Amino acid sequence: VFPGVRQAQWLTKTKLVEGLPPAVQGIVDNPALGLQELEERAKHVVYHARLWDTAEPAPRREKYCPLLFENLIHVCRSMSAQYPSLSKRMLARNCRIAATWERESILLQVRGLSGILMNSMTPIPPVASKEEILATKEHVLETFYPIAPTIDLQEVNVYKELNDTGQCFRDGYPYSHPHTLFFLESANVRTNRFRPEQLRAKMLMFAFGNALAKARVLHGNDPKVLEQPIVVQSIGTDGQLFQFMVFQLNTTDLVSNDGIKNLVWIDPDQNLYERAQCVPEIKKRVVTKPAGISGFQPDTFKKFLALYLHGTV
Amino acid sequence: AACRELGGSAPRCTTDPLWKCRTKYTVRPVGMKKTGGRDHTGRIRVRGIGGGHKRRYRMIDFQRLRYEEGALPEPFTEKVISVRYDPCRSADIALVAGGNRKRWIIATENMQPGDSITNSPHIGRMAVSAGEGDAYPLGALPVGTLICNLESHPGKGAQYIRAAGTCGVLLRKVNGTAIVQLPSKRHMQVLETCVAMVGRVSNVDHNKRVIGKAGRNRWLGKRPHTGLWHRKGGWAGRKIKPLPPMKSYVNLPRV
């Protein structure tokens, strides 16, 4: 109907900031990471996923998307020689998330498989300063009159208000803090995939759900402003376009529309490469587009790596 | 408390014989089964229908004052989200959203995405200055407005003036009833609580289009006519007749 991110912002009482937060941007610009050979490896990863992997002429999206993701994570994890605390991370797939919250007397719920979740032993430090958090008090959430903000949501009879986070966040589990969520849009047909805006909205809702569940585990079920804001990152991709997002939960008091809001930094629509031709395109016996990857953007991979390293550097 | 969740999708079958029996309203297009002019016995009832491009039916809400469940019967506004072509009719349709629901309605001439339209059931003492696309009872509109999507009985749903570029004129209001001139110049008398939409129906140049070739008619689902000339047909030529008497849908008490 209209951009899903705006609706998700109202539902989660969040203020949007364009671009990545300065802490993550600092990691991107830090030259001491030795990114040259990592770029080479990232390029190889893209070639492998898009071109070399299959016996058919071109690999399908449901094959190359997870493969690309796996290889990128592998490249990032190989940095753990330099940063030993990177090894204290754990990937969980098909994690079921459930969180309920009330928003102006309407009960909302996020349920379902939340993609791939990466947990760590230590939480990510809050990204926004105290002044920024207090400044969100004056920010007014936009209204969608005459459309209600809960439009297009399924109405469901709820029998149990679940606030469960699966096995990940129970007490005593060493890797108990949600770090990053990964979403892979790998349906073959374009109508089954989420468009970039819808993917961003889905990322926001699930990041919020995870953060809220963690907050309820840490601080109990009462709505209040959090002393230690909880930060959850999320990365969504469909194999070519990457959406980066950092979500900071400042408050669980979501019933009223005023007061401190949560913050989200979104860096939308980063292309990792322009085109991946498996067979060279030939028009009238002249090669117009040679086979291979064209337009590789190392910046996107740097941001991916920065989000991965955030919290340990 | 009822709460909401994200939903999924599934395409519907086109050869489903019960496609018309869907009770729940949905915005997504429904696959239609074409009849080819055949009735329930299987023989042709109407000649000249068959073939043509496949169409999906979008459920249009002709009752403008349909309230959501749990909403009060009072004036409400809706926002136009998009205006698009409908393969099943000559007019364009508009997706409007208000409150928690979206529905399709027939678009008027100058409707753009982002407009706000109001629907109101009240009849005040003074006539309302209605903008295009709003829906008011006939008693609330000033005499002489162009209207479309007219109902014959209150609450029945619009059955008149729905084709592309058509409009009716509100002629006069007579103690509790209103008289409207239809596009065929026939006069119609209805109760003043019947709701109508203000403005001309969209796609105004529909009658100026040129079909161009026989194939385009076939795409529209029209099969060819017989070429035999019937001498006593009587269809050709200009016809001059007096206006038929005014049709009244108001049940006056028997005197």
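Numbers given for residues are sequential positions, taken from 1 along each chain in its written order. Chains carry letters and ligands carry numbers; both start at the beginning, A for chains and 1 for ligands, and go up in the order they are written. Given that the model is predicted, a residue must reach a pLDDT of at least 70 before its local features are reported, and side-chain atom pairs must reach 80 or more before they are shown or counted; all residues, however, enter totals for whole chains, interfaces and linings. Think of the side-chain values as coming from all heavy atoms in the structure, minus any hydrogens and water.

Along chain B, the regular secondary structure elements total 1 helix and 14 strands. By principal-axis analysis of the C-alpha atoms, chain B measures approximately 60 × 60 × 40 Å. Remark: exposure states derive from per-residue accessible area (1.4 Å probe, protein chains only) relative to the maximum for the residue type, with buried under 20%, exposed over 50%, and partly exposed in between. The buried share of chain B, reckoned over its 255 residues, is 35%. Note on areas: Shrake-Rupley with a 1.4 Å probe; residue coverage comes only from the protein chains shown. For chain B, the accessible surface area stands at approximately 16,100 Å², while carbon and sulfur atoms represent 54% of it. All tallies of charge rest on Lys and Arg as positive and Asp and Glu as negative; His and the ends of each chain are not included. To locate a charge, take atom NZ for lysine, CZ for arginine, CG for aspartate or CD for glutamate. When the 46 basic and 17 acidic side-chain charges of chain B are each reduced to a single mean position, those positions are 14 Å apart. Each helix corresponds to a stretch of at least 4 residues labelled H or I by DSSP, and each strand to a stretch of at least 2 residues labelled E; elements are numbered beginning at the N terminus.

UniProt positions are given in the numbering used here, feature names are shortened, and annotations may be inferred rather than shown by experiment. Using the residue numbers shown here, the UniProt feature "domain: Large ribosomal subunit protein uL2 C-terminal" (unreviewed entry) corresponds to residues 130-249 of chain B. The span residues 130-249 of chain B carries 5% helix and 24% strand; its end-to-end C-alpha distance comes to 25 Å.

Let us look at empty space enclosed by the protein. Residue and element names in this part refer to chain A. Definitions used for this entry: grid spacing 1 Å over protein atoms alone; cavity, a set of points where a 1.4 Å probe fits but cannot get out; pocket, an open set with protein on both sides within 12 Å along at least 5 of 7 lines; lining residue, one with an atom within 4 Å of a point. Grid points are joined across faces, edges and corners, and a volume is the space filled by probe spheres set on the points. As enumerated under the stated definition, the model contains 3 cavities of 30 Å³ or more in all. Approximately 60 Å³ is the volume found for the largest cavity. As for the largest cavity, its lining consists of Cys-65, Leu-68, Phe-69, Leu-72, Phe-182, Phe-183, Leu-184, Ile-235, Thr-237, Gly-239, Phe-242 and Phe-304. For the lining of the largest cavity, the secondary structure elements donating two or more residues are helix H4 (61-77), strand S7 (177-184) and strand S8 (225-237). Element by element, the count of residues in the lining of the largest cavity is highest for H4, at 4 residues. Residues of the lining of the largest cavity, tallied by class, amount to 10 nonpolar, 2 polar and no charged. Considering only enclosed or pocket space, the second largest cavity measures out at about 50 Å³ in volume. Polarity classes work like this: nonpolar for Ala, Val, Leu, Ile, Met, Phe, Trp, Tyr, Cys and Pro, charged for Asp, Glu, Lys and Arg, and polar for all others, with Gly in that last group. When the residues that make up the lining of the second largest cavity are grouped by side-chain class, the tally is 5 nonpolar, 1 polar and 2 charged.

Right, let's talk about the nonpolar core for a bit. All names here are of chain A. Of all hydrophobic cores here, the largest spans 44 residues; its most connected members are Phe-182, Leu-272, Phe-301 and Phe-304. For this core, the secondary structure elements donating two or more residues are helix H2 (22-29), helix H3 (36-52), H4, strand S5 (116-120), S8, strand S9 (241-251), strand S10 (262-271) and helix H7 (298-309). Tallying contributions element by element places H4 first for this core, with 8 residues. Grouped together as the second largest cluster of nonpolar side chains are 33 residues, Ala-8, Met-203, Phe-206 and Ala-215 included. As used in this record, nonpolar core signifies buried Ala, Val, Leu, Ile, Met, Phe, Trp, Tyr and Cys residues forming a set joined through side-chain atoms within 4.5 Å.

Residues and elements named next belong to chain B. One number sums up the size of the second largest pocket: a volume of about 410 Å³. Around the second largest pocket, the lining is made up of 18 residues, and of these Arg-55, Tyr-85, Asp-86, Pro-87 and Leu-220 lie nearest the centre. Here the residues of the lining of the second largest pocket sort into 5 nonpolar, 4 polar and 9 charged. An automatic or database domain assignment provides the domain bounds reported here. A domain-level breakdown of the lining of the second largest pocket finds at least three residues from each of domain 1 (13-59) and domain 2 (61-209).

Residue and element names in this part refer to chain B. Every residue carries a pLDDT, the predictor's confidence in it, which falls somewhere between 0 and 100. The predicted model of chain B averages 85 in pLDDT, with 93% of residues at 70 or higher. A contact between two residues is defined here by any heavy atoms of the two lying within 4.5 Å. The model gives residues 1-11 a pLDDT under 50, and that stretch makes 31 contacts with residues more than four places away or in other chains. Scoring of the predicted complex yields 0.79 for pTM and 0.73 for ipTM.

When a carboxyl oxygen of Asp or Glu is within 4 Å of a side-chain nitrogen of Lys or Arg, the pair counts as a salt bridge. The full count for this structure, using the stated rule, is 9 salt bridges over all chains. In this structure, the salt-bridge partner of A:Asp299 is A:Lys302, at a minimum N-O distance of 3.9 Å. One end of the pair, A:Asp299, and the other, A:Lys302, are both in helix H7, 3 residues apart, so they sit about a helical turn from each other. Judged by relative accessible area, A:Asp299 falls into the partly exposed class, the value being 41%. Taking the relative accessible area as the measure of exposure, A:Lys302 reaches 21% and is therefore partly exposed. With a shortest N-O distance of 2.6 Å, B:Arg103 and B:Asp61 are connected by a salt bridge. Here B:Arg103, found in strand S6 (residues 101-106), pairs with B:Asp61, found in the loop between strand S3 (56-57) and strand S4 (76-85); they are 42 residues apart in sequence, far enough to count as distant. B:Arg103 sits in the buried class, given a relative accessible area of 1%. Classification of B:Asp61 as buried rests on a relative accessible area of 5%.

Residues and elements named next belong to chain A. By the element assignment, His-310 lies in the segment after H7. You can call His-310 buried: its relative accessible area is 6%. In this structure, the C-alpha to C-alpha distance between His-310 and Leu-86, residues 224 residues apart in sequence, is 9.9 Å.

This brings us to the UniProt feature "domain: Large ribosomal subunit protein uL2 RNA-binding" (unreviewed entry) in chain B. Using the residue numbers shown here, the UniProt feature "domain: Large ribosomal subunit protein uL2 RNA-binding" (unreviewed entry) corresponds to residues 37-119 of chain B. A distance of 37 Å separates the end C-alpha atoms of residues 37-119 of chain B, which is 0% helix and 35% strand.

The subject of this paragraph is the packing of aromatic side chains. Think of a pair of aromatic rings as described by two things: how far the centres are apart, and how the planes are tilted against each other in angle. Each pair of aromatic rings taken from Phe, Tyr and Trp, with Trp reduced to its six-membered ring, is defined by centres within 6.5 Å and is described as stacked if the planes are under 30 degrees apart, edge-to-face if over 60, and tilted in the remaining cases. Scanning the entire structure with this criterion turns up 8 aromatic pairs over all chains. Measuring from ring centre to ring centre gives 4.8 Å for A:Phe69 and A:Phe182, while their planes differ by 55°; the resulting arrangement is tilted. Here A:Phe182 lies in strand S7 and A:Phe69 lies in helix H4, a separation of 113 residues in the sequence. Across this residue pair, the class does not change: A:Phe69 and A:Phe182 are buried. Following the ring pairs from residue to residue traces out a cluster consisting of A:Phe69, A:Phe182, A:Phe242, A:Phe244 and A:Phe304. In this scheme, the term charge over a ring applies when either NZ of a lysine or CZ of an arginine sits within 6 Å of the ring centre and within 35 degrees of the ring normal. Over the ring of B:Tyr249 we find B:Lys247; its NZ or CZ atom is 5.7 Å from the centre of that ring.

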